[in-house]
Amino acid sequence: MSNIKTANTQFPVLDLIKKRWSPRSFSDKAIAEKDLLTILEAGSWAPSANNTQPWRHVYAFRGTEGFDKLWSTLAPGNQPWTRQAAVLVVSIGIKELPDTNQKNHYYLHDAGMFNSFMLLQAHSMGISGHLMAGFDKAKLAELLGLPATDETVSVIALGYPDAADKLQEPYKTREITPRTRKALEEFTYQLN
Ligand SMILES: Cc1cc2nc3c(=O)[nH]c(=O)nc-3n(C[C@H](O)[C@H](O)[C@H](O)COP(=O)(O)O)c2cc1C
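Residues numbered from 1 in each chain as written. Predicted model: local features only at pLDDT ≥ 70, side-chain atom pairs only at ≥ 80, totals over all residues. Heavy atoms only, no water.

Let us look at the pattern of salt bridges. Taken as a whole and judged by the stated rule, the model has 5 salt bridges. Here R56 makes a salt bridge to D150, at a shortest N to O gap of 2.6 Å. Residue R56 is found in strand β1 (residues 55–61), and its partner D150 is found in strand β4 (residues 150–159); the two are separated by 94 residues along the sequence. (Salt bridge = Lys/Arg side-chain N within 4 Å of Asp/Glu carboxyl O. Helix = DSSP H or I, 4+ residues; strand = E, 2+ residues; numbered from the N terminus.)

Moving on, we get to the site of the ligand. Taken together, 13 residues surround the ligand, and among them S22, H130, A133, R179 and R181 come closest. A distance of 2.9 Å separates a nitrogen atom of the ligand from a polar backbone atom of A133. A distance of 2.7 Å separates an oxygen atom of the ligand from a polar atom in the side chain of R179. With 3 residues, the single largest contributor to the shell around the ligand is strand β3 (residues 128–132). (Near = heavy atom within 4 Å. Polar contact = N/O pair within 3.5 Å; in protein donor to acceptor, adjacent residues only side chain to side chain.)

A sheet is described by the order of its strands in space; here 4 strands give the open sequence β1-β2-β4-β3, paired in antiparallel fashion. Of all strands in the sheet, those bounded by a partner on one side alone are β1 and β3. The average undirected angle you get between the axes of adjacent strands in this sheet is 25 degrees. Judged from the 5 bridges that link them, β3 and β4 form a sheet pairing that is antiparallel. What sits directly across from M132, in β4, is V155. Across the sheet, helix α2 (residues 33–44) lies against β1, β2 (87–94) and β4, angled at about 165 degrees from β1, the strand it touches most. Contacting β1, β2 and β4, helix α6 (residues 137–144) runs over the sheet at an angle of about 90 degrees to β4. (Pairing = 2+ DSSP bridges. Axes fitted to C-alpha atoms, helices over the stretch in contact; angles between N-to-C directions. Contact = heavy atoms within 4.5 Å.)

The element β4 is largely enclosed, with a buried count of 10 among its 10 residues. Pairing of β2 with β4, which is carried by 8 bridges, proceeds in the antiparallel orientation. Looking at the pairing, G93 lines up with E151 of β4. (Buried < 20%, exposed > 50% of the residue type's maximum accessible area, 1.4 Å probe, protein only.)

The next subject is the packing of aromatic side chains. Tallied over the entire structure, the rule returns 2 aromatic pairs. Centre to centre, the rings of Y59 and F61 are 6.0 Å apart; their planes meet at 85 degrees, and the pair counts as edge-to-face. According to the relative accessible area criterion, F61 is partly exposed, its value standing at 22%. Residue placement shows R24 over the ring face of W81; its charged tip is 5.5 Å from the ring centre. If you follow K29 out to its NZ or CZ, it ends over the ring of Y160, 4.1 Å from the centre. (Phe/Tyr/Trp six-rings, centres within 6.5 Å; stacked < 30°, edge-to-face > 60°. Lys NZ or Arg CZ within 6 Å of the ring centre and 35° of its normal.)

Right, here's the structure in full:
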C-alpha cells in the first residue's frame, strides 16, 4: 500500500526503506518491552569500525518519571509532539576506543548506523521512529551522569503512528507533505 510518505524512487529500493518515515503523530498504544528490546537488538547488529560498538542507549516509557526527565531536555520545537511518543531513546556515542584512551574517530558514524538499523526494524514491526538532534546536550548528559568519554548523539521518539489531524500546526502540515530527496545524479559520481 502506498501513501503520501512513500518514497518515489527511480530504482527498485526495498519497500521497508521506501515506507519508513519520521512521523510526529503517535497513538496511545504502548510499545511492549520485548518489542523495544527487539528494536534495540536489531540496532546492535549494525556494523561498526573494528566491531567496537561504541554506543549506549537509555530508554524510558511514556508515563514514567524517566520519560518526563528525558522529555524536559528536548528543544521547544520537539516537545509538543513528543509528549505522545510511547518511548524515548537516547543514543549515546563512546568517544574513546576501549582500554586505550585513544580517540574513536567513528563513534558518530557508528551510532548513526545503529540508529538506521533500529529505525528499519521498528518500521517492519509497525512502530515509527523519529530522530532528534534538537535537545539540550549538556542538560541531558548531566541528567544521565555521563562520563566525559560519552556524548549524547540523538534522542529518538518511538511509537505507533496516528492521524495527522491530532497535531497542531506546523506539525500537522509536515505530516502530510511528501518526502523528497536529492536526485541520484546530484551526489553520485562514476570514476572510470
Ligand atoms: C541527526 C538527525 C537529527 C534530527 N533532528 C530532528 C529534530 O530535532 N526535530 C525533528 O522534528 N526532526 C529531526 N530529524 C528528522 C529529520 O528532519 C528527518 O529524518 C528528515 O526530514 C527526513 O525525513 P524522513 O525521515 O521522514 O524521511 C532529525 C534527523 C536526524 C537524522
